[in-house]
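These are the residues of each chain, in order.
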Amino acid sequence: MTTLPDAKLFINGQLRDATGGRTYDVISPWTGAPVGKAADATAEDVEAAIVAARNAFDNTDWSTNKEKRLALVKKYRELFEANREKLGALAVHEAGAALGAVDKAHVSMALGGWDDYLAVFDRVVWEKDYGNKFGYGYESKRVAHYEPVGVVAAITPWNVPLYVNIGKVVAALLAGCTVILKPAPDTPGAGAIFGELAKEAGFPDGVINVVFGADPALAGEMMVKDPRVDLVSFTGSTAVGKRIMEQGAPTLKRVFLELGGKSAKIVLDDSQNFAMDVLTTMLVFHAGQGCAVQSRLLVPESRYEEAKAILKQGYAGLGDNWGDVSNPEHIMGPVINKRQLERVLGYIQLGKDEGATLLHGGAARPDKGDGYFVEPTVFVDVTNDMRIAQEEIFGPVLVVIPYKDDEDAIRIANESAYGLSGGVSGSFDRAMKMAKRIRTGSVGVNNGMCIAGDIPFGGYKASGIGREWGVEGIEEFLETKMIAYPVAAA
Ligand code: NAD
């Protein structure tokens, strides 16, 4: 049986146990059994991390020495490269990634995103000349200076932890901020490695800190409420995102939120590749635990029966080829934990109760192991007002909704509290026109890839505020300061 190395906190340049030596078990989603131990941070540890990050921002040259931080971030990247195997093991045994999904969604995608940040770094604007203007009898020259915002709390989820941790930590460091990374309780190792490798890279004390614990809220809430933290960058559920806004309000915290989704893929009746367009929505990869997955499939009434038959065949073709931890071909494993398994099964029951038809799957699969296995599942005859069409399930459950015409498809896609991603497939001009009317942060036309480290990603509506990745992702961590002076003084 695999045992992961102990996950240690990283505070003020020290890899540390929690105060009092408290630990908690990291549970494998595959077996339901402990697979490692993690430090269980106390309030004292979180306080120490905040003090360290504040001190490193206020009293060192980290925020002003761009060359130094670029060199360190590059060195850090090389150390992550050298640890690919360990990163892969964490994705499998902490996050429950199947071997066939490890590289794509976890290791290569995440490290590729890091490279993208480094590639776009040159395009960050640090100063902008706004020209001269007369006022009060003299002329002033006005220049905007873009400065790091300060201490950043990066609070992240368990589904693609390396990718999200990189999305926040690397951008904040490049911007000149200091960071406290707070990974989810299920995936502490994917956070702890940021401390281990920061130590090896030689970052100044306090520039990067990593805290985690069994209590999902303790460290996050402390940081959200603390006036010494300037910005909270959060990825996770919409419910917690709202709480962060509420709890950050008394200190007018800058918040950046990447939240849930219920994205729609619209397949048009004139799709050149109807079967492929339908099959690419099979919600199997990483057991459907992706925020931007297209979990509502919208097909025209005129081709609904055909779509059903295609899906039936597609899922039958997949058969039982999922859920084996040692099979490199498998792209789907368990869901993350018992609570999530119960939640997904609860939604499957709800779908039946709401009158949707189960086309495939729908059951827990304890025969696959003592972990948290649920079958790839598809509901058809779904209407958009059903809860299974409105709420984020975050599991391998696809819902298929019929529509009458283009207007109806757009209406259904937009009748959602969320607005993270989506897709339209069909003749190009028609699909483009529709894509422009969908109220989401990204849309793939004819399966165009709209998620990558060099372009901005984020949500409309309840899917979030702000953008991560790309130049915009680094600029999220900057403040604008205008400096003006009389021209004669120049
Ligand atoms: P979650 O909201 O429960 O937890 C996310 C993080 O917030 C964890 O680190 C958790 O410990 C912490 N947290 C919990 N309560 C907190 C509080 N009161 N104050 C501060 N921090 C708190 O989400 P999850 O279950 O870990 O992840 C699943 C959710 O994340 C899904 O809704 C999914 O859509 C979303 N997600 C979104 C994106 C995106 O980019 N939009 C990416 C991945 C996951």
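Computed from a predicted structure; not experimentally measured. (Residues numbered from 1 in each chain as written. Predicted model: local features only at pLDDT ≥ 70, side-chain atom pairs only at ≥ 80, totals over all residues. Heavy atoms only, no water.)

## A closer look at unusual backbone geometry
What counts, and what does not: Runs of E in the DSSP output that reach at least two residues are strands. Runs of H or I that reach at least four are helices, and both are numbered from the N terminus. For the exposure calls, accessible area comes from a 1.4 Å probe over protein chains only, and a residue counts as buried if that area is under 20% of its type's maximum, exposed if over 50%, partly exposed in between.
One non-glycine residue, tyrosine 136, lies in positive phi territory at about 55 degrees. When you line up the elements, tyrosine 136 lands in the loop between β5 (127-135) and β6 (138-148). Here tyrosine 136 falls in the exposed class, since its relative accessible area comes to 84%. Residues other than glycine seldom take positive phi values, yet tryptophan 469 does so here, at roughly 75 degrees. Position of tryptophan 469 among the secondary structure elements: in the loop between β19 (464-465) and α15 (470-475). A residue is classified by how much of its surface remains accessible, and tryptophan 469, at 1% relative accessible area, is buried.

## Considering the side chain of threonine 281
The condition is simple: What qualifies as a polar contact is a pair of N or O atoms within 3.5 Å, subject to a donor-acceptor requirement within protein and to the restriction that residues adjacent in sequence count only when both atoms come from side chains. In what follows, residue pairs with any heavy atoms lying within 4.5 Å of each other are defined as contacts.
Assignment of secondary structure puts threonine 281 in the loop between α9 (274-279) and β13 (296-300). Its relative accessible area of 2% is what places threonine 281 among the buried residues. A polar contact is formed between the side chain of threonine 281 and the backbone oxygen of valine 278, at a distance of 2.6 Å. Ignoring sequence-local partners within four residues, the contact set of threonine 281 consists of Lys265, Gln294, Leu297 and Leu398.

## Digging into the domain arrangement of the protein chain
Note on interface size: it is often stated as the accessible area lost on association of the parts. Stated precisely, the cut-off is as follows: Boundary definitions for the domains trace back to an automatic or database domain assignment. By convention, the term buried area covers the 1.4 Å-probe accessible surface removed from two parts as they join, with the contributions of both added.
For the protein chain, the assigned domains read domain 1 (9-259 + 464-482) and domain 2 (263-452). Taking the mean C-alpha position of each, domain 1 and domain 2 sit 31 Å from one another. Each side of the interface is counted separately: domain 1 has 31 residues, and domain 2 has 31 residues. Both faces combined, the contact of domain 1 with domain 2 buries some 2,100 Å², and carbon together with sulfur accounts for 64% of it. If you sort the residues of domain 1 by the area they bury against domain 2, Pro29, Trp30 and Trp158 come out on top, with a joint share of 29%.

## Considering the pattern of salt bridges
Put simply, the test is: When a carboxyl oxygen of Asp or Glu is within 4 Å of a side-chain nitrogen of Lys or Arg, the pair counts as a salt bridge.
On inspection of all chains with the given rule, the structure shows 35 salt bridges. The closest approach of N and O atoms between aspartate 45 and arginine 16, which form a salt bridge, is 2.5 Å. Taken together, the residues aspartate 45 in helix α1 (residues 43-59) and arginine 16 in strand β2 (residues 14-16) connect sequence positions 29 residues apart. Residue classification places aspartate 45 among the buried positions, given a relative accessible area of 0%. Residue classification places arginine 16 among the partly exposed residues on the basis of a relative accessible area of 25%. The salt bridge involving glutamate 81 is made with arginine 84; its shortest N-O contact spans 2.7 Å. Residue glutamate 81 is classed as partly exposed on the basis of its relative accessible area of 33%. We classify arginine 84 as partly exposed; its relative accessible area is 29%. Sharing partners across several salt bridges, the network here consists of Arg77, Glu81, Arg84, Asp103 and Asp115.

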